[in-house]
Amino acid sequence: MIDADVAIIGGGPVGATLALALQDKGLRLMVLEARPDPMPPADPRVIALSYGSRLILQRLGVWSALAPSVTPIRSIHVSQRARLGRTVLSAQECGVPELGCIVEYGVLYGALAGALARAGIPVLYDAQARRVTSTLESATVHYVHAGRPGVVYAALLVVADGGKGLTEIPGIRRDVQDYGQAALVAQVETELPHHHVAYERFTTRGPVALLPHGERTYALVWTETPEIAQALCELDETDFLRRLYDHFGDRQGAFLAVRDRGVFPLRLACARPVTGRRLAVIGNAAQTLHPVAGQGFNLGLRDAWELARLIGEIRREQLGSPAMLQRYRARRCLDREGGILFTDFLVRVFSNGLPGLGALRGHGLNLLETCLPAKRFVADKMMFGARG
Ligand SMILES: Cc1cc2nc3c(=O)[nH]c(=O)nc-3n(C[C@H](O)[C@H](O)[C@H](O)COP(=O)(O)OP(=O)(O)OC[C@H]3O[C@@H](n4cnc5c(N)ncnc54)[C@H](O)[C@@H]3O)c2cc1C
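Described below are features of the structure shown in this document. (Residues numbered from 1 in each chain as written. Predicted model: local features only at pLDDT ≥ 70, side-chain atom pairs only at ≥ 80, totals over all residues. Heavy atoms only, no water.)

**Here's the deal with the sheet that holds strand E16 (residues 255–272)**
- Read from one edge to the other, the open sheet built from eight strands follows the order E6-E5-E13-E14-E15-E12-E16-E19, with strand pairing classed as mixed. In the strand order of this sheet, the two ends are held by strand E6 (86–90) and strand E19 (287–288), each with one partner.
- Where E16 lies against E19, two bridges are found, and the strand directions are antiparallel. Bridged to Ala269 within E19 is Thr288.
- The strands that helix H9 (residues 322–350) touches are strand E12 (173–190), strand E13 (197–203), E16 and E19; relative to E16, the one it contacts most, it runs at about 125 degrees. (Pairing = 2+ DSSP bridges. Helix = DSSP H or I, 4+ residues; strand = E, 2+ residues; numbered from the N terminus. Contact = heavy atoms within 4.5 Å. Axes fitted to C-alpha atoms, helices over the stretch in contact; angles between N-to-C directions.)

Laid out in structure tokens, this is it:
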């Protein structure tokens, strides 16, 4: 018995994108979302959407709802603390109107949820998937909706639960490496206007990023050990701003105010493989990355987009078949492994106090600065993924 051609666990940014990308394919869709409703959640994170992601969201008709709330990034200044070496990636040099833009997680979630409702895609809110099983014919989700148990059978089940929902997915293991780091996020007001410049500054304890968000506000992502991040989160405002100034420096003048602080533990978690019998995992459920290069959602969005494209290319009876799932794995391999390796490389090589490495990093950044084709190559991969 099949209730849905495609059932999706998780109506977060990636699951919702997949459902929207499948809306015109004549399939019976079902989304199970644990949150109680489509209202934007209070999540202090902001997301740097790459220019490539913006193009996908435009094609899905979501962009008009997001556009009033986003702040464009026109250049990214990359440097290391207390060391020489820097490079600047600019939209102009890369031949695009902007490298990306900043949006609040809650705004993104709300815009996608609104688009799901307008498209009439069935989303069961307050539905928590508890267990998944699968046979050669279908995948089965056991869930609890508003306190009552329910079951869905699907030809293809897609797990987009962010990697935090299901503890077990048949045929898939999760490799997890703890970075021993946490991200402190906050909104900070600066003395000087941002002029749409984002900063990524590497320190031996982890990167610190300032992302333009609103008028004179920056979204801060400050990586530290979990203990220090929590202590910073609890500091009073004056002490916090002084510590931030000491850590980041004076490129934006003084830090004037801080609000909406929150802490996220950081780790690398990879599902291997990303498909099982009648099922696929996408987004953070497939790979949870360090936010250092702002790649997590952008990569997950491309998982959803490529999966929907593949489903559009195959015959209906091939949906969820081993051959279809093998093609999905092959298509996503380069982009996914590239994103994982790139992010992990940045964390390990740029957050490292090994003697000599600081000078080497400085040379690398300076070399990049003088080589426009190399800069364009890096920016291109960050905007559009390994497959362009
Ligand atoms: C501090 C920080 C900064 C970041 N910055 C960036 C950035 O600049 N750029 C970028 O691209 N990425 C960034 N990321 C990563 C980005 O947040 C994630 O990649 C993205 O949220 C993944 O979306 P998702 O839909 O896969 O998972 P999630 O956002 O986790 O959504 C999962 C959804 O599934 C639902 N769910 C969970 N369990 C169940 C269940 N059992 N049943 C039903 N529903 C369930 C949840 O309620 C949720 O709605 C950042 C992450 C952090 C922590």
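The structure having been displayed, the exposition proceeds.
**Remarks on the environment of Ala257**
- Tracing the sequence through the fold places Ala257 in strand E16.
- Taking the C-alpha atoms as reference points, Ala257 and Gln187, separated by 70 residues in sequence, lie 8.2 Å from one another.
- Leaving out residues up to four positions away in the same chain, Ala257 has contacts with Gln187, Val188, Glu189, Glu237 and Leu241.

**So, the packing of helix H8 (residues 296–313) against H9**
- As a packed pair, H8 and H9 sit with axes 10 Å apart at the nearest point and diverge in direction by 155 degrees. Viewed along their axes, H8 and H9 adopt a mutual orientation that is roughly antiparallel. For the pair H8 and H9, the sense of crossing is right-handed. Residue-level contacts link Leu299, Arg302, Asp303, Glu306, Leu307, Arg309, Leu310, Ile311 and Glu313 of H8 to Met324, Arg327, Tyr328, Arg331, Arg332, Asp335, Arg336 and Gly339 of H9.
- Each residue belonging to the contact of H8 with H9 can be placed in one class, and the counts come to six nonpolar, one polar and 10 charged. (Parallel < 35°, antiparallel > 145°, perpendicular 65-115°, else oblique. Left-handed = near helix turned anticlockwise from the far one by under 90°. Nonpolar A, V, L, I, M, F, W, Y, C, P; charged D, E, K, R; others polar.)

**Some remarks on helix H5 (residues 105–118)**
- Look at H5: 20 Å from first C-alpha to last across 14 residues, which is about the 20 Å you get at 1.5 Å a residue.
- Here H5 lies mainly inside the structure; 10 of its 14 residues are buried.
- When we look at burial in H5, the residues that qualify are Tyr105, Gly106, Leu108, Tyr109, Gly110, Ala111, Leu112, Ala113, Ala115 and Leu116.
- Gly120, located one to two residues past H5, shows a positive phi value of around 70 degrees. (Expected span 1.5 Å × (residues − 1). Buried < 20%, exposed > 50% of the residue type's maximum accessible area, 1.4 Å probe, protein only.)

**A word on the sheet that holds strand E4 (residues 71–73)**
- Read from one edge of the open sheet, three strands run E3-E7-E4, paired in antiparallel fashion. Of all strands in the sheet, those bounded by a partner on one side alone are strand E3 (46–50) and E4. This sheet shows a mean twist of 30 degrees between the axes of neighbouring strands, independent of strand direction.
- Here E3 pairs with strand E7 (residues 100–104) via five bridges, running antiparallel. Following the sheet pairing, Ile47 is matched in E7 by Val103.
- Contacts between helix H2 (residues 51–59) and the sheet are confined to E3 and E7, with E3 contributing the most and set at about 85 degrees to the helix.

**Details of the pairing of E12**
- Here E12 runs beside E16; their pairing, made up of 15 bridges, is antiparallel. Counted as the bridge partner of Arg174 is Ala271 from E16.
- Of the pairings in the sheet, the one linking E12 to strand E15 (residues 217–224) comprises eight bridges and is antiparallel in character. Counterpart to Gln187 in the pairing with E15 is Ala219.

**Observations concerning helix H1 (residues 13–21)**
- Across the nine residues that make up H1, a large majority, nine, are buried.
- For H1, every residue scored as buried is listed here: Pro13, Val14, Gly15, Ala16, Thr17, Leu18, Ala19, Leu20 and Ala21.
- Elements that come into contact with the buried residues of H1 comprise strand E1 (4–9), strand E2 (29–32), H5, strand E11 (148–159) and H8.

**As for the site of the ligand**
- Glu33, Arg45, Ala48, Tyr105 and Asn284 are the nearest of the 32 residues found near the ligand.
- Glu33 places a polar side-chain atom, nitrogen or oxygen, 2.6 Å from an oxygen atom of the ligand.
- Considered on its own, the ligand offers 1000 Å² of accessible surface; in the complex 93% of this is hidden by protein.
- At the level of secondary structure, the elements contributing two or more residues to the shell around the ligand comprise H1, E3, strand E9 (127–134) and H8.
- Of the residues assigned to the shell around the ligand, the class counts are 16 nonpolar, 11 polar and five charged. (Near = heavy atom within 4 Å. Polar contact = N/O pair within 3.5 Å; in protein donor to acceptor, adjacent residues only side chain to side chain. Areas by Shrake-Rupley, 256 points an atom, 1.4 Å probe, with all protein chains shown as cover.)

**Let's talk about the packing of helix H10 (residues 357–370) against helix H11 (residues 372–384)**
- Taken N-terminus to C-terminus, the directions of H10 and H11 make an angle of 105 degrees; their axes are 5 Å apart at the nearest point. Considering the angle they form, H10 stands roughly perpendicular to H11. Each of Leu368, Glu369 and Thr370 in H10 lies in contact with H11, whose residues at this interface are Leu372, Ala374, Lys375 and Val378.
- For the contact of H10 with H11, the class distribution of residues is four nonpolar, one polar and two charged.

**As for unusual backbone geometry**
- Here the residue pair Arg272 and Pro273 is connected by a cis peptide bond, since its omega of -15 degrees sits within 30 degrees of zero.
- One non-glycine residue, Ala146, lies in positive phi territory at about 50 degrees.
- Tracing the chain through its elements places Ala146 in the loop between strand E10 (139–145) and E11.
- A positive phi angle, near 55 degrees, is found at Asp260, a position not held by glycine.

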